[in-house]
Amino acid sequence: MEHEDPRNGELSPRSSKRPKISSKFISESEIRDEFSHHHPRVARINNGSFGSCPGLVLAAQRQWQLEFLRQPDAFYFNTLRNGIMASRKIIKDLINADHVDEVSLVDNATTAAAIVLQQIGRGFAEGKFQKNDTVLMLHCAFQAVKKSIQAYVTRAGGSVIEVRLPFPVTSEEEIISEFRKSIEKGKSNGRKIRLAIIDHITSMPSVVLPVKELVRISRAEGIEQVFVDAAHAIGSVKVDVKEVGADFYVSNLHKWFFCPPSVAFLYCKKSNISSDMHHLVVSHEYGNGLPIESSWIGTRDYSSQLVVPTVLEFVNLFEGGIDGIMKRNHDEVVKMGKMLAQSWGTNLGSPPEMCAGMIMVGLPSRLCLNSEEDAVRLRSHLRDCYEVEVPIFYQVSKDGEERVRDKDGLITGYVRISHQVYNTLEDYEKLKDAINQLVDDGKTCKMLCTE
Amino acid sequence: MASSLHTQTNTNTNAMNGTSASAAPAPAPADPNSHLSKKPRLLTPPQPLPITPSGILSEFSHHDPSIARINNGSFGCCPSSVISAQQQLQLQWLQQPDHFYFNQLQSRILQSRNIIKDLINADHVDEVSIVDNATTAAAIVLQQIAWGFAEGRFHPGDAAVMLHYAYGAVKKSVEAYITRAGGYVIEVPLPFPVNSVDEIVQEFKKALERGKQNGRRVRLAVIDHVTSMPSVAIPVKELVRICREEGVDQIFVDAAHGIGCVDVDMKEIGADFYTSNLHKWFFCPPSVAFLYCRRSTSNSDLHHPVVSHEYGNGLAIESAWIGTRDYSAQLVVPKVLEFINRFEGGIDGIKKRNHEAVVEMGEMLIKAWGTHLGCPPEMCSSMVMVGLPACLGISSDQDALKLRTYLRDKYCVEVPIYYRAPKDGEVGPVTGYARVSYQVYNKVDDYFKFRDAINQLVHNAFNCESLPN
């Protein structure tokens, strides 16, 4: 019954948007075409939050959606399963997993975190873990993950240790040392650390962590399970799950890997634990293993999970494929970061080798960014009045922590700039000029109006 | 602007936002003072243009024309005008996602929730959460029961009651969340074919008795409004009333097939939780469902299992953001209402005509095949179970699936088949039933095609044995 689906191997003849490749690699104007659905006037330097998806992948997605709508039963029985398996196999190879059974597709890292944490929560509820056994996480862990820990671990009687990483950071050693200290504290009073959640690339503030070393240390210190939240990783840094060595590793494909919203992979190293992991939305596939459970959680639009082969075609239009894209994004974002820091007289949040496609750049102290509200105000003002989209980080001061200064005062705020293939120099100059103008006009965050 | 969020058809809100997601409102009548005011007047939305048969054809022209698509019950359908509206919303997100997230998403979800609240006669919009599908809603309700056991509020052996014909996913969810947590599960056996509402009521009462044996409490009853396979409309109001009388803690009505198929009135039915898919019989794209939770202190602790930063802000708000995803299916509810109101009698007219047509088609088929319906017409919704000739030899679930595939591949008929094990002493029993649906896009020819396919199989002395595995 199944026939080879053209979308799995070649560019679909039905897709309406195809780059007309004259030379070997995709050209600048072809890239512009692929992202022509982006708002033309917005300096979109926030790929990190919601990612991006090129026109040819969107066209492929629409084909999948229409195929389902045309005859959903046939799609369900004959097409869906194979399509998801094709995507899982590609991901398995990309991330160097041993077996495709270790690769599940879920909506996003938020969903993956809930899956991992539910399993930990059950450990407490079912008496496998003792009350006050611990889960270790970073202080700057993504807010959804923190809440998930509250919902599944704290509620079930577990306790939490937060590792406060330094920021700005100047070396990996600082991270490693702080991490070790927190583990010591965690193990005091004889508590057992049941799970460590380690970001591969933190969200806010954004820094690439030495995750392989942190996982190694976790193992050495007897931490039972390690979950790497790598929401930003794939398409941003090299992802080798065997090298990283964690039990669980999740990354969103819609952030830096050009998939439409939304799709992520959750890697679970084969073990007794992984065989008792379940998707939270239980369907008739319950008990058939997490990948199979995740591939059917009721009637939904699974098209974003099916376009992974097309995405691979897209990235291979670029010189060096995804590796080339990653390298160029990194080089450009560092260059742009330095350009901004120099223009504003500020700093970078981390050294270039601890960045991937994003970098934190200090904001001039004269903006007086002194609260979360100030950060939100500034971000909205930049969006509404300057057509610049960039997330802003407010750094709460910690007692005894040394802060970086510029010529006018303490640096308390940072922008997190991203670089993806659609970005141009103008995007960053727009941000540079906007901030310089605000400073020249004597504006502080509290003065800013938003629409 | 605020008041417009509470009207049912909302073309003007979209127009004010500068989107083309809905039909353009009619031009304002000439106003002699119009030069004085720059603000456009908020008009009552124009009456939607009545839809014609060719309009319906066009709205569903994306369906495979070669298939007799008589299975609306499984995956539903979505008219092309709604698909276009959805694509617009998807593009808006892709164009500038941050702006959409901060300025559009929440208000649009609230708008959909308000429409649903009015449609289902809920007291307050806080009672209405939007989730992906009934499967997700079931997990939400059942996870909270699991916590009841884990946190010692319920005792091992406390019971949950569900129908034997509960949907497969719901049964598994009950296993995953209730059995695993120490609960005792009771299934209500229902007769099929069924002859009267009373048969169902009696079985249910007996099951509740069993539930209360040995000093057990019945913590949850899960009741289908319209069962899936075999499909029968259940007297939910009566069963809910019995549950209340018998001291059942919480009642969850699984009405996956509810809205657009049967009457859905939360206050009338009186359950604690009620879920229905909007993509089955309410013309939404895949996928979107509502979960109604009656406001009361005992069930204020429901959470979406995918936890985001909105955790603790109430189920509706939690469900409105569960990480980056495509929420567009949840946002087209206003557009769907426009579509529905182009039909005479709106959704009530559609329901009534679907019901009458499917019963008529069912009776045509049983006459042609010499079989019978699985339940009386008044216990059918927009679906009817039609007995298949016994000579086809459907003798297992596997046979039913194989026959379904055969009908799809060889006869271009899409219809799910249910295997009903014969009871002791039955002679020449009907063991297979087709669950036939009727939706606005269906034609009499679809059912003739099915009739003729089966007649041909009978004529050729076909038997399921001959089908390969």
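Definitions and limits used
Residues numbered from 1 in each chain as written. Chains lettered and ligands numbered in written order. Predicted model: local features only at pLDDT ≥ 70, side-chain atom pairs only at ≥ 80, totals over all residues. Heavy atoms only, no water. Helix = DSSP H or I, 4+ residues; strand = E, 2+ residues; numbered from the N terminus. Rg over C-alpha atoms; globule rule 2.2 N^0.38 Å. Buried < 20%, exposed > 50% of the residue type's maximum accessible area, 1.4 Å probe, protein only. Contact = heavy atoms within 4.5 Å. Areas by Shrake-Rupley, 256 points an atom, 1.4 Å probe, with all protein chains shown as cover. Phe/Tyr/Trp six-rings, centres within 6.5 Å; stacked < 30°, edge-to-face > 60°. Polar contact = N/O pair within 3.5 Å; in protein donor to acceptor, adjacent residues only side chain to side chain. Expected span 1.5 Å × (residues − 1). Arc of directions from axis to C-beta. pLDDT = per-residue confidence, 0-100. Salt bridge = Lys/Arg side-chain N within 4 Å of Asp/Glu carboxyl O.

Engineer: Looking at this structure, how should I read the overall build of chain A?
Structural biologist: Per the secondary structure count, chain A includes 16 helices and 14 strands. A globule of 451 residues ought to have a C-alpha radius of gyration of about 22 Å, and chain A, at 23 Å, matches this closely. Principal-axis analysis of the C-alpha atoms gives chain A an extent of 70 × 65 × 40 Å. Residues counted as buried form 64% of the 451 residues belonging to chain A. Here the analysis covers contacts within chain A between residues at least 6 apart in sequence; of these, 69% occur between residues at least 24 apart. Surface accessibility of chain A: about 17,100 Å² in total, with carbon and sulfur atoms responsible for 49%.

Engineer: For this particular structure, what's the right way to read the packing of aromatic side chains?
Structural biologist: All names here are of chain A. Evaluation of the coordinates by the stated rule reveals 39 aromatic pairs over all chains. Aromatic pair phenylalanine 35 and phenylalanine 314: ring centres 6.2 Å apart, planes at 75 degrees, arrangement edge-to-face. Placement of phenylalanine 35 in the loop between helix 1 (28-34) and strand 1 (43-44) and of phenylalanine 314 in helix 13 (residues 308-315) is noted, with a sequence separation of 279 residues between them. Side by side, phenylalanine 35 and phenylalanine 314 carry an identical accessibility label, which is buried.

Engineer: I tried to follow the side chain of A:Asp73 on my own but got confused; where do I start?
Structural biologist: Relative to the elements of secondary structure, A:Asp73 occurs in helix 4 (residues 72-95). Within the structure, A:Asp73 has its side chain in polar contact with the side chain of B:Arg404 (distance 2.6 Å). Setting aside residues no more than four positions away along its own chain, A:Asp73 makes contact with B:Asn71, B:Ser74, B:Phe75, B:Arg404, B:Arg408 and B:Glu414.

Engineer: Looking at this model, I keep getting lost on helix 7 (residues 172-187) of chain A. Mind explaining?
Structural biologist: Working note: α-helix, 3.6 residues per turn, so residues spaced by three or four point in the same direction. Residue and element names in this part refer to chain A. For helix 7, which comprises 16 residues, the first-to-last C-alpha distance of 23 Å matches the rise-based estimate of 22 Å (1.5 Å per residue) to within 8%. Residues of helix 7 that are buried: Ile175, Ile176, Phe179, Ser182, Ile183 and Gly186. Within helix 7, the buried residues cover an arc of 130 degrees as seen down the axis, which keeps them to one side. Opposite the buried face of helix 7, at more than 90 degrees from it, the exposed residues are Glu173, Lys181 and Lys185. Residues of helix 7 that are buried sit in contact with strand 3 (134-138), strand 4 (159-163), strand 5 (193-199) and helix 8 (211-220).

Engineer: What exactly am I supposed to notice about the confidence of the model for chain B here?
Structural biologist: Do not read the fine detail of predicted coordinates wherever pLDDT is low. Residue and element names in this part refer to chain B. Model confidence for chain B is summarised by a mean pLDDT of 91, while 89% of its residues fall at 70 or above. The low-confidence segment residues 1-31, where pLDDT is below 50, has 51 contacts with residues more than four positions distant or belonging to other chains. Note on the complex model: pTM 0.92, ipTM 0.93.

Engineer: Would you mind going over the pattern of salt bridges with me for this structure?
Structural biologist: Pairing between side chains of opposite charge can happen when the charged atoms of each approach one another. Taken as a whole and judged by the stated rule, the model has 52 salt bridges over all chains. Between A:Arg216 and A:Glu213 there is a salt bridge, with its nearest N and O atoms 3.0 Å apart. In this pair, A:Arg216 and A:Glu213 are both assigned in helix 8, three residues apart and thus about one turn of the helix distant. B:Asp348 is paired through a salt bridge with B:Lys351; the nearest N and O atoms lie 3.4 Å apart.

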